[in-house]
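Listed here are the chains, written in short residue letters.
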Amino acid sequence: MIFPMVHVASPTFYSQVRIRLREFDLIVVEGIRGKSVGVSALTLAYRFAPRRRRNGLQEQREALLLPEGVQVVNPDVTAAEAIADLKTLPRWTYLLLMVAAPVMGLVFALRGPRAFLDEDLVVEDLPSTLRAEMLADDPVEHAMIDRRDQRLLAALGEIHAERGDEPIRVAVVYGAGHVPAIVSGLRNRHGYRPREAEWLTVLVPA
């Protein structure tokens, strides 16, 4: 089962995910390993917003999300690898990204969820608008997620090969932007097909 996640959401959303994760035997979870100044700067884009109480938001944290007693696998990249991928971008793009992230975080904190999430939270298999198509081909987006998608699909492939004959339930708890790669990768490599879906409320209107 795939859980498309967002970095900030209503506390109720995370509690509902945690309740469901108790039913699984294995959780494959996102999370860049290690620390770096660059990664810390980027995460300011969403770390400011939960600090303003009126926004009613909570930052996603493993301690509040992952239940005890369930095996957890984290195939994500290291902080050094994440920054190395971003540094393959033109230098001015990389520097602008590092400056823009904290500014976006302040705007998010002051204006609340509607500053960005109303439109940009939607993830489609195929872009439905010109803006969405441009974002899908954004080199920054590719630099941020391509290697991470490859690591994740490799880990899911290992689980399928080693434990595919066992009656276990596997949860994939990753950012919504990774879901198209997860779905297509599981389908094309191993023949998995979507069978059912459930909606959870991410944000409660203020």
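Residues numbered from 1 in each chain as written. Predicted model: local features only at pLDDT ≥ 70, side-chain atom pairs only at ≥ 80, totals over all residues. Heavy atoms only, no water.

Draft legend 1. Fine view of the overall build of the protein chain. For the protein chain, the count of helices and strands is nine helices and six strands. Burial statistics for the protein chain: of 206 residues in total, 39% are counted as buried. Nonlocal contacts in the protein chain, meaning residues at least 24 apart in sequence, comprise 82% of its contacts between residues at least 6 apart. Only carbon and sulfur atoms are counted for the fraction: they give 56% of the accessible area of the protein chain, which is about 12,800 Å². (Helix = DSSP H or I, 4+ residues; strand = E, 2+ residues; numbered from the N terminus. Buried < 20%, exposed > 50% of the residue type's maximum accessible area, 1.4 Å probe, protein only. Contact = heavy atoms within 4.5 Å. Areas by Shrake-Rupley, 256 points an atom, 1.4 Å probe, with all protein chains shown as cover.)

Draft legend 2. Quick peek at the pairing of strand β1 (residues 2–5). Along β1, the buried face is formed by Phe 3 and Met 5; none of Ile 2 and Pro 4, which line the opposite face, is buried. The pairing of β1 with strand β6 (residues 170–175) spans four bridges and is parallel. Bridge pairing in β6 places Ile 2 opposite Val 172. (Pairing = 2+ DSSP bridges.)

Draft legend 3. Region of the structure containing the packing of aromatic side chains. Under the criterion given, the structure shown has two aromatic pairs. Taking NZ or CZ as reference, Arg 169 lies 4.4 Å from the ring centre of Phe 24, over its face. (Phe/Tyr/Trp six-rings, centres within 6.5 Å; stacked < 30°, edge-to-face > 60°. Lys NZ or Arg CZ within 6 Å of the ring centre and 35° of its normal.)

Draft legend 4. Here's a closer look at the packing of helix α4 (residues 79–86) against helix α8 (residues 139–163). Where α4 contacts α8, the two axes come as close as 8 Å, and the packing angle between them is 135°. One way to sum up the angle between α4 and α8 is to call them oblique. In the crossing of α4 with α8, the sense of the turn from one axis to the other is right-handed. In this structure, α4 contributes Glu 81, Asp 85 and Leu 86 to the contact, and α8 contributes Ala 143, Met 144, Arg 147 and Arg 151. Classifying every residue of the contact of α4 with α8 by side-chain character gives three nonpolar, no polar and four charged. (Axes fitted to C-alpha atoms, helices over the stretch in contact; angles between N-to-C directions. Parallel < 35°, antiparallel > 145°, perpendicular 65-115°, else oblique. Left-handed = near helix turned anticlockwise from the far one by under 90°. Nonpolar A, V, L, I, M, F, W, Y, C, P; charged D, E, K, R; others polar.)

Draft legend 5. Layout of the side chain of Asp 76. Its location among the elements puts Asp 76 in the loop between β5 (71–73) and α4. Given a relative accessible area of 0%, Asp 76 falls into the buried group. Of the polar contacts made by the side chain of Asp 76, one reaches the side chain of Arg 148; its length is 2.7 Å. (Polar contact = N/O pair within 3.5 Å; in protein donor to acceptor, adjacent residues only side chain to side chain.)

Draft legend 6. Representation of the sheet that holds β5 within the structure. Taken together, the four strands give an open sheet; going across it, the order is β1-β6-β3-β5, and neighbouring strands pair in parallel fashion. In the strand order of this sheet, the two ends are held by β1 and β5, each with one partner. The mean inter-strand angle of the sheet, taken between neighbouring strand axes irrespective of direction, is 20°. Across the face of the sheet, helix α9 (residues 179–190) comes into contact with β1 and β6 while running at roughly 160° to β1.

Draft legend 7. Representation of the nonpolar core in the model. Phe 3, Met 5, Leu 21, Ile 27 and Val 173 are the most contacted members of the largest nonpolar core, which totals 17 residues. Elements supplying a minimum of two residues to this core: β1, α1 (11–21), β3 (26–29) and β6. Considering each element in turn, this core owes the most residues, four residues, to α1. When near neighbours in sequence (up to four residues on either side) are disregarded, Leu 21 contacts Phe 3, Ile 27, Leu 65, Leu 66, Pro 67, Val 70, Ala 171 and Val 173. Listed in part, the 13 residues of the second largest apolar core include Val 39, Ala 79, Leu 97 and Val 140. (Core = buried A, V, L, I, M, F, W, Y, C linked by side-chain atoms within 4.5 Å.)

Draft legend 8. Looking closely at the pattern of salt bridges. Enumeration according to the criterion identifies eight salt bridges in this entry. Where Arg 148 meets Glu 30, a salt bridge forms, and the shortest distance between an N and an O atom there is 2.9 Å. Of this pair, Arg 148 sits in helix α8 while Glu 30 is found in the loop between β3 and α2 (37–47), placing the two residues 118 residues apart along the sequence. Using a relative accessible area of 11% as the deciding quantity, one classes Arg 148 as buried. (Salt bridge = Lys/Arg side-chain N within 4 Å of Asp/Glu carboxyl O.)

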